[in-house]
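Chains, contacts and geometry: an overview
Letter by letter, the chains look like this.
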Amino acid sequence: MAVETEPMTDEQRAAVVAIIARQNDQFRAAMPLGGRADLPGRLVCTTGIAQQGAEFLFNLQMAVAAFSDFSEDNDPWGDHTFGVITLAGVKVFWKIDLYDENCEYGSDEPENPERTHRVLTLLLPSEY
């Protein structure tokens, strides 16, 4: 028997989105340091990014960690799950997906770090 829940109000939804955005910012900022134990997740990159070399990847991680140029165009939901960076003339997308604890499905409670595993992907636009 499924339990029915009341739909969220706009105010409740905005509060959840703000929590997710803050957690995503904290997750990205800690990435070059090996992450945060209280925000489980991992970093992955595509072949195109890996082919740019170790120095590029290091500099890209630092740039993604420091990214703060969110706007209505690149962050329409306000959750800080996507960004675009140009580094050494190479345009790069980064995105954060919020999975359940087993990384099988999307998280039912993306604002709850105990129920959410973040995967930050670095990719070239041609690989999207």
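Structure's up top.
To start, this report covers the structure provided alongside it. (Residues numbered from 1 in each chain as written. Predicted model: local features only at pLDDT ≥ 70, side-chain atom pairs only at ≥ 80, totals over all residues. Heavy atoms only, no water.)

1. Side note on the pairing of strand S3 (residues 90–99)
In the sheet, strand S2 (residues 82–87) pairs with S3 via 6 bridges, with the strands oriented antiparallel. The partner of Ile85 across the bridge, within S3, is Val92. Taken together, S2 and the strand that follows it, S3, pair antiparallel across an intervening segment of 2 residues, in which Ala88 is found at a positive phi of about 50°. Relative to strand S4 (residues 117–123), S3 runs antiparallel, the two being bridged by 7 bridges. Bridge pairing in S4 links Ile96 to Leu120. (Pairing = 2+ DSSP bridges. Helix = DSSP H or I, 4+ residues; strand = E, 2+ residues; numbered from the N terminus.)

2. Observations concerning the nonpolar core
Membership of the largest hydrophobic core comes to 21 residues, with the highest contact counts inside it found for Leu60, Val64, Val92, Trp94, Leu120 and Leu122. Taken together, the elements giving at least two residues each to this core come down to helix H1 (10–30), helix H3 (54–66), S2, S3 and S4. No other element matches the 5 residues that S3 contributes to this core. Ignoring any residue separated from it by four or fewer positions in sequence, one finds Leu122 in contact with Leu43, Val44, Cys45, Thr46, Ile49, Leu57, Leu60, Gln61, Val64, Phe93 and Trp94. (Core = buried A, V, L, I, M, F, W, Y, C linked by side-chain atoms within 4.5 Å. Buried < 20%, exposed > 50% of the residue type's maximum accessible area, 1.4 Å probe, protein only. Contact = heavy atoms within 4.5 Å.)

3. Some details on the pairing of S4
With 7 of 7 residues buried, S4 is to be regarded as a mostly interior element. Alternating residues of S4 divide into His117, Val119, Thr121 and Leu123 and Arg118, Leu120 and Leu122, and every residue in both groups is buried.

4. What about unusual backbone geometry?
One non-glycine residue, His80, adopts positive backbone phi at about 60°. By the secondary structure assignment, His80 is in the loop between H3 and S2. On the basis of relative accessibility, which here comes to 15%, the residue His80 falls in the buried class.

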